[in-house]
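Architecture and fold: a report
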Amino acid sequence: MNPKKFRVIHYVNEFFGQEGGEEKADMQFLVKEGPVGPGLALQKILGDRGEVVATLICGDNYFAEHIDSAAEEGFNRISSYAPDILFAGPAFEAGRYGVSCGALCKKVHDELGIPAVTGMYEENPGVDIYRKDIQICKTDRSAAKMVQDITNMVTLGLKLLSDEEDTRLVSGENIGRPSEYGYFPRGIVRNEFVEKTTAERLVDMLVAKLKGEPFVSEAQMPEPVDITPASPIKEMGSAEIALISDGGLVPKGNPDGFKMRANLVWAGYDVEKLFPDGAGPGEFEIMHPGYYTVHVLDDPSRLVPVDVMRDLEREGVIGRLHPLFYSTTGNAGIHKRCQEMGQEIAEELKEKGIQGALLTST
Amino acid sequence: MGIEKAGIPVVNITAITSVSKVVGLSRILQGLSVSNVLGNEKLAKDKERSLRKTYVMRALDILQENIDTQQVFTLEGVE
Amino acid sequence: MRLQIESIDIEDIQVGSTTAVSDHTLSLNLKELEEHILEDTRISSVELNVVSPGDRVRIVNIADIIQPRCKIDADGEDFPGWLGRLTTAGKGRTRSLRGIAVVVSNSYATKASDTILDMYGKGARISKYGTMKHLSVHPHPSEGIEERDFEHAVKVAGLKTAVYLAKAAEGHPVDQTEVFELSLPDQKQSNFPKVAYYFMIHTPQHDYQGIADPILYGTTVTNLMPTIVHPNEVLDGAVVSPHTMGGLDTYELQNHALITELYKRNGKDITFAGIVTGVANMEEVNRQRTAMMAASLISNVLGADGAVLTKEHGGMPHVDLALVAEACEALGIKTALWVHLSHSDTPLSDQLLFSSDSLDAIVNVGQSLEKIRLPKADTVIGGGEDVRVFYTDFSQKVGDEYIEIAGATLAGAYDYTGGSRIMAVEY
């Protein structure tokens, strides 16, 4: 059976596209048939397995100055070629080039679902921005070893194109280990089948530790987070305070579709409706499987202290209890989305002129 | 957390302070139980509300306190 | 204390007029078993089905999976506190049937934690139960029986069936005999480090409706003070899984991988110093008290040099476990612990929920919520095709063309006693 010959698109900047130097950094998208510049090395390395059907060229400034629209434009220019894979760069140390490669690869991968591989030096700012979304091969600082770098990109690309199931991964995904394929770890986790049971590995590790022999932990501690605490409130008596909780308390019917695990949503709810003053608990439910909810269902103030906050407002201890209560479900949350939600809630609080918040967690 | 970066002080009242520490919240107040963080179901309702008020007032105090690094507070003082 | 487990391999199950094991074939009188189960008036009727590897069958609403075992000694009690009278488990002789399990389903309580088992395709390949034959027991409640009461009845039906099957092999030649012998008071001094095991046996955060299930000698363990149990007790029926907590079956406890590993290494590179068991707590003060008392038992009573520590479900118990480990390290006991992970798109280090310099030896049970995609079955037992299965919500039905579920929802894939050969790795 003849293996399929893959249709390849290659993206390069103005310099590698042989259009010119820095003076051409503002040039717009240009498509040339076949390989150009380092694309020739790419084609040679691909051999029979792939054909560089077109090269997309763009100026680093043009791309980097409007990343999103440029990525969209670049994608539109090449999607009609029905590519099986996109190779971008390698960008080595060049920051604008790296960011452009990353953005284009992400766009093409997201839209077409095809593999998109690029290469960068570890200090290229594009690495941290895009490593999670696409595979970025590690390259040298300069183009001195370009052939080797492109070879790594091709090896990884062919692995991603292979429809063989990777029997090493429980999920069967064909993604290849970062250490074996020379790409930057993406900060994701996958289960592998291994030879030893968890029990065997645990005892082995303890025995090594007791003997003072080296061992490799399967998980490392998180890096300490750098936080600068916000300034304290000066005039509590006139301050507006908001209540926030990640205990999953929502109006009955869960109108905003909170998920019990890996939740992506937060919402602001009218305090009067959910916690009617003096009339007992309103109509609500709890979307959170990680704790038993009996006590909070019986009295939601145990999670969201509206009762005492109202007292304190009446007594003048605080200026005002913000009329919206902000809710989310913080169970097995996706880190990146949790951070985004934090930022979104922050914007809302700032917009509403809130001076401080109490966040209650289970 | 995003809210602190926006310059708004937050107090996280939680039953499990070590998670908040790792996530990077700066003002953390040790709450009661995972299933009842601002209450105690064994108490009579009015005593429970009183207890809750004590915790919330402590949280409001902490919002007025100047700190320069992450701090875990308890009802009585600091950890 | 000395426990002898005599195992007989079952290669085939046939429905017949008597229940007996002959030539490694289990003949099963289903009517007799049915009558035995229906002695419990909480159950009005029961469906019994035999399934084999390769059958395009999906068993759903699984409440527990139990290995057929029974005591051989005249004074032995099966599953003391549940079926048998209270007596110490883990001594004498126990018969065990291999290659077969009892899978008991409860279709009357829908919980996010129910598990399923596919006997075909990817599900069967990944699960340790995929290569075994099973007797599916699916009871139906009598009128007016309360949900929690029925859960007990379901558990009893499963345990009774397990004993009934094991008893049927009386007289059959034994394929393998294993001896588990550990006498802590008589342990001699040796060159090997003394290693204790801290076995976190339960976490209360998932207790259904806030009510705990009886799991230790028939009683609940809420607020259990750290205590010492003999490893044989765990292996011989003192501990059963909670009514429905996906991913931990009584079968796995009966075959507790870490305990059997510690026994295997005893005298080779460690001296097994015993087990301290405790639970996770909802309140910080109880969490700290547990850590302090457990560490003291490990250090001052068991005299250990090192400890392995494990947990079962949930994120919160990582914190409890870390506190026990830190308390041990502070007393000079070197620790290694395991965690399980819950996210595919977050770096490993962000999933630990604790941070401590002394806890540098960590092993992982895998990312047990990693999703797997399973094709539909021809037959569903233990419930109908419209049974809902949980994966962030209850939108999927077991009869759908494909379902995507967390690995922990597939029985036998991940093993919280340490028996699976899976490791979560950073990619």
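Residues numbered from 1 in each chain as written. Chains lettered and ligands numbered in written order. Predicted model: local features only at pLDDT ≥ 70, side-chain atom pairs only at ≥ 80, totals over all residues. Heavy atoms only, no water.

What to know about the overall build of chain C
The helix and strand inventory of chain C stands at eight helices and 24 strands. Taken over the C-alpha trace, chain C has a radius of gyration of 21 Å; the compact-globule value for 427 residues is 22 Å, and the two agree within 12%. Taken along the three principal axes of its C-alpha coordinates, chain C extends 60 × 50 × 40 Å. Residue pairs in contact within chain C that sit at least 24 positions apart in sequence constitute 80% of those at least 6 positions apart. Accessible area of chain C: about 14600 Å², with a carbon and sulfur share of 47%. The positive charge centre, built from 36 side chains, and the negative charge centre, built from 58, are 3 Å apart in chain C. (Helix = DSSP H or I, 4+ residues; strand = E, 2+ residues; numbered from the N terminus. Rg over C-alpha atoms; globule rule 2.2 N^0.38 Å. Contact = heavy atoms within 4.5 Å. Areas by Shrake-Rupley, 256 points an atom, 1.4 Å probe, with all protein chains shown as cover. Lys, Arg positive; Asp, Glu negative; His and termini not counted. Charge placed at Lys NZ, Arg CZ, Asp CG, Glu CD.)

Observations regarding the overall build of chain A
When its secondary structure is counted, chain A shows 12 helices and 13 strands. For 362 residues, the compact-globule estimate of 2.2 N^0.38 gives 21 Å, and the C-alpha radius of gyration of chain A, at 27 Å, exceeds that figure by more than 25%. If one aligns the C-alpha atoms of chain A with their principal axes, the spans along those axes are about 80 × 60 × 40 Å. Across the 362 residues in chain A, those meeting the buried criterion constitute 57%. Look at the contacts in chain A between residues 6 or more apart in sequence, and 71% of them connect residues 24 or more apart. Total accessible area on chain A is roughly 15600 Å²; 49% of this is exposed by carbon and sulfur atoms. Both charge centroids of chain A, one from 38 positive and one from 57 negative side chains, sit 4 Å from each other. (Buried < 20%, exposed > 50% of the residue type's maximum accessible area, 1.4 Å probe, protein only.)

Quick word on the sheet that holds strand β8 (residues 92-98) of chain C
Residues and elements named next belong to chain C. Within the open sheet, the four strands sit side by side as β7-β8-β1-β12. Their pairing is mixed. Strand pairing shows two members of the sheet lacking a second neighbour, β7 (69-71) and β12 (176-181), which therefore form its edges. Neighbour-to-neighbour, the strand axes of the sheet open up by a mean angle of 20°, direction not taken into account. In this structure, strand β1 (residues 2-9) lies alongside β8, joined through seven bridges in parallel fashion. Paired with Glu-6 across the bridge in β8 is Arg-95. Across the sheet, helix α3 (residues 147-167) is in contact with β7 and β8; its angle to β7 comes to roughly 75°. (Pairing = 2+ DSSP bridges. Axes fitted to C-alpha atoms, helices over the stretch in contact; angles between N-to-C directions.)

Observations concerning the domain arrangement of chain A
You can read the domains of chain A as domain 1 (6-181) and domain 2 (236-360). Its C-alpha centre places domain 1 of chain A at a distance of 45 Å from the equivalent point of domain 2 of chain A. (Domains from an automatic or database assignment.)

Structural notes on the packing of aromatic side chains
All told, the structure shown has 16 aromatic pairs over all chains when counted by the stated rule. Through successive ring pairs, a cluster of aromatic residues spans Tyr11(A), Phe15(A), Phe16(A), Phe29(A), Tyr62(A), Phe63(A), Phe92(A) and Tyr97(A). The positively charged end of Lys128(C) is found above the aromatic ring belonging to Tyr129(C), 5.2 Å away from the centroid. In this structure, Arg373(C) is placed above the aromatic ring of Tyr402(C), and the distance from its NZ or CZ to the ring centre is 4.0 Å. (Phe/Tyr/Trp six-rings, centres within 6.5 Å; stacked < 30°, edge-to-face > 60°. Lys NZ or Arg CZ within 6 Å of the ring centre and 35° of its normal.)

Topic: the sheet that holds strand β4 (residues 85-92) of chain A
Residue and element names in this part refer to chain A. If you trace the six strands from one edge of the open sheet to the other, you get β2-β3-β1-β4-β5-β6, paired in mixed fashion. A strand with exactly one partner marks an edge of an open sheet, and here the two such strands are β2 (30-33) and β6 (135-138). Here the strands of the sheet are splayed against their neighbours by 25° on average, with no regard to which way each runs. Here four bridges tie β4 to strand β5 (residues 116-120), and the two strands are oriented parallel to one another. Among the inter-strand pairings, Leu-86 is bridged to a residue of β5, identified as Ala-116. Contacts from helix α6 (residues 146-161) reach β1 (6-13), β4, β5 and β6 within the one sheet, and its direction differs from that of β4 by about 150°.

Some points on a nonpolar patch on the surface
Residues and elements named next belong to chain C. Together, Met-225, Met-292 and Met-293 make up an exposed nonpolar region whose accessible area comes to about 280 Å². Relative to the helices and strands, Met-293 is located in helix α7 (residues 284-301). A relative accessible area of 30% places Met-293 in the partly exposed class. (Patch = residues over 30% accessible without salt bridge, like charges linked within 9 Å, V, L, I, M, F, W, Y side chains within 5 Å. Salt bridge = Lys/Arg side-chain N within 4 Å of Asp/Glu carboxyl O.)

Focus: the pairing of strand β2 (residues 27-30) of chain B
Residue and element names in this part refer to chain B. Neither face of β2 is left uncovered, since the one carrying Arg-27 and Leu-29 and the one carrying Ile-28 and Gln-30 both have all their residues buried. As paired strands, strand β1 (residues 10-14) and β2 are joined by three bridges and run parallel to one another. If you follow Asn-12 over to β2, its bridge partner there is Ile-28. Crossover β1 to β2 through helix α2 (residues 17-23) is right-handed. By the bridge criterion, three bridges tie β2 to strand β3 (residues 71-73) in an arrangement that is parallel. (Right-handed = clockwise from strand over helix to strand, strands pointing away.)

Focus: the interface of chain C and chain A
Listed by partner, the interface residues are 77 residues for chain C and 57 residues for chain A. Of the roughly 5600 Å² buried between chain C and chain A on both sides combined, carbon and sulfur atoms contribute 62%. Counting the surface chain C buries against chain A, the share from its top three residues, Arg421(C), Met423(C) and Tyr427(C), is 17%. Between chain C and chain A we count five salt bridges in total. Linking chain C with chain A are 30 residue pairs in polar contact (both at pLDDT 80 or more), by the criterion used here. Residue assignment for the side of chain C that touches chain A shows that the elements contributing at least two residues are α2 (121-126), α6 (257-265), β16 (306-310), β17 (334-341), β18 (362-367) and β24 (422-426) of chain C. Residue classes in the side of chain C that touches chain A are distributed as 36 nonpolar, 24 polar and 17 charged. The pairing of strand β7 (residues 189-193) of chain A with β24(C) spans five bridges and is classified as antiparallel. (Buried area = accessible area lost by both parts, 1.4 Å probe. Polar contact = N/O pair within 3.5 Å; in protein donor to acceptor, adjacent residues only side chain to side chain. Nonpolar A, V, L, I, M, F, W, Y, C, P; charged D, E, K, R; others polar.)

Examining the side chain of Thr290(C)
As for its placement among the helices and strands, Thr290(C) is situated in helix α7. Relative accessible area serves as the criterion here: at 7%, Thr290(C) is assigned to the buried category.

Quick word on the pattern of salt bridges
Two side chains that carry opposite charge are able to pair once their charged atoms sit near each other. Under the definition given, this model contains 55 salt bridges over all chains. When the shortest N-O distance is used, the salt bridge between Arg168(A) and Glu180(A) registers 3.1 Å. Residue Arg168(A) is found in the loop between α6 and α7 (178-181), and its partner Glu180(A) is found in helix α7; the two are separated by 12 residues along the sequence. Relative accessible area serves as the criterion here: at 45%, Glu180(A) is assigned to the partly exposed category. One salt bridge connects Arg27(B) with Glu4(B), and the closest N-O pair in it is separated by 4.0 Å. Residue Arg27(B) is found in strand β2, and its partner Glu4(B) is found in helix α1 (residues 2-5); the two are separated by 23 residues along the sequence. Residue Arg27(B) shares its accessibility class with Glu4(B), and that shared class is buried. Each of the salt bridges in this network shares a partner with another, and the network as a whole consists of Lys196(A), Asp204(A), Glu261(C), Lys264(C), Arg265(C) and Asp269(C).

As for the packing of helix α1 (residues 38-46) of chain A against α6(A)
Residues and elements named next belong to chain A. Relative orientation of the contacting elements α1 and α6 amounts to 50°, with a least axis distance of 10 Å. Taken together, the axis directions place α1 and α6 in an arrangement best described as oblique. Between α1 and α6 lies a crossing of right-handed hand. Counted together, Pro-38, Ala-41, Leu-42, Ile-45 and Leu-46 of α1 and Met-146, Val-147, Ile-150, Thr-151 and Val-154 of α6 form the full contact between these two elements. (Parallel < 35°, antiparallel > 145°, perpendicular 65-115°, else oblique. Left-handed = near helix turned anticlockwise from the far one by under 90°.)

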